[in-house]
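Read off the chains here:
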Amino acid sequence: MAVNKNFVVKNGLEVDTDLIFADASTNKVGIGSTIPASMLDVKGGIAVTDINASGVGTIVTLRSTTGIITTVDAISLQATNLNVTGVATGITISSATDFYVSGVTTTTTLDVIGT
């Protein structure tokens, strides 16, 4: 007998050990983790074509498969070692430990502390 209903899981879900884990009491899903800290917590690498994020994003390492990231579209940018080559416009550098610019750069705000 077939049931005309979407896939429903109640009280959580676990697929293999640490593969996919859903906690119904906290409404959190872990991939590679059975203790998700966020609504979606992924432990390991993620391969994506496009990322659209709103709000605050923390990216520990931003790398490109070509070795050079040609476009970063950001309203505010914090960096430890930021090298800008070419033309950069309309960015706010709120915290940069090492900031190197060659080419033309227009920044909305640049606070210089030290040299």
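Residues numbered from 1 in each chain as written. Predicted model: local features only at pLDDT ≥ 70, side-chain atom pairs only at ≥ 80, totals over all residues. Heavy atoms only, no water.

J.: Would you mind going over the environment of Ile113 in detail, with residue names and values included?
T.: Examined against the element boundaries, Ile113 turns out to sit in the segment after β5 (76-110). By relative accessible area, which is 81% here, Ile113 ends up exposed. (Helix = DSSP H or I, 4+ residues; strand = E, 2+ residues; numbered from the N terminus. Buried < 20%, exposed > 50% of the residue type's maximum accessible area, 1.4 Å probe, protein only.)

J.: Help me get a handle on unusual backbone geometry, residues and values and all.
T.: The phi torsion at Asn27 lies on the positive side, around 55°, for a residue other than glycine. Note on placement: Asn27 falls in the loop between β2 (20-23) and β3 (28-31). Asn27 sits in the exposed class, given a relative accessible area of 59%.

J.: With reference to specific residues and values, describe the side chain of Ser33.
T.: Within the element layout of this structure, Ser33 appears in the loop between β3 and β4 (40-42). Of the polar contacts made by the side chain of Ser33, one reaches the backbone nitrogen of Ile35; its length is 3.0 Å. For Ser33, the contacting residues outside a window of four places in its chain are Asp18, Phe21 and Lys43. (Polar contact = N/O pair within 3.5 Å; in protein donor to acceptor, adjacent residues only side chain to side chain. Contact = heavy atoms within 4.5 Å.)

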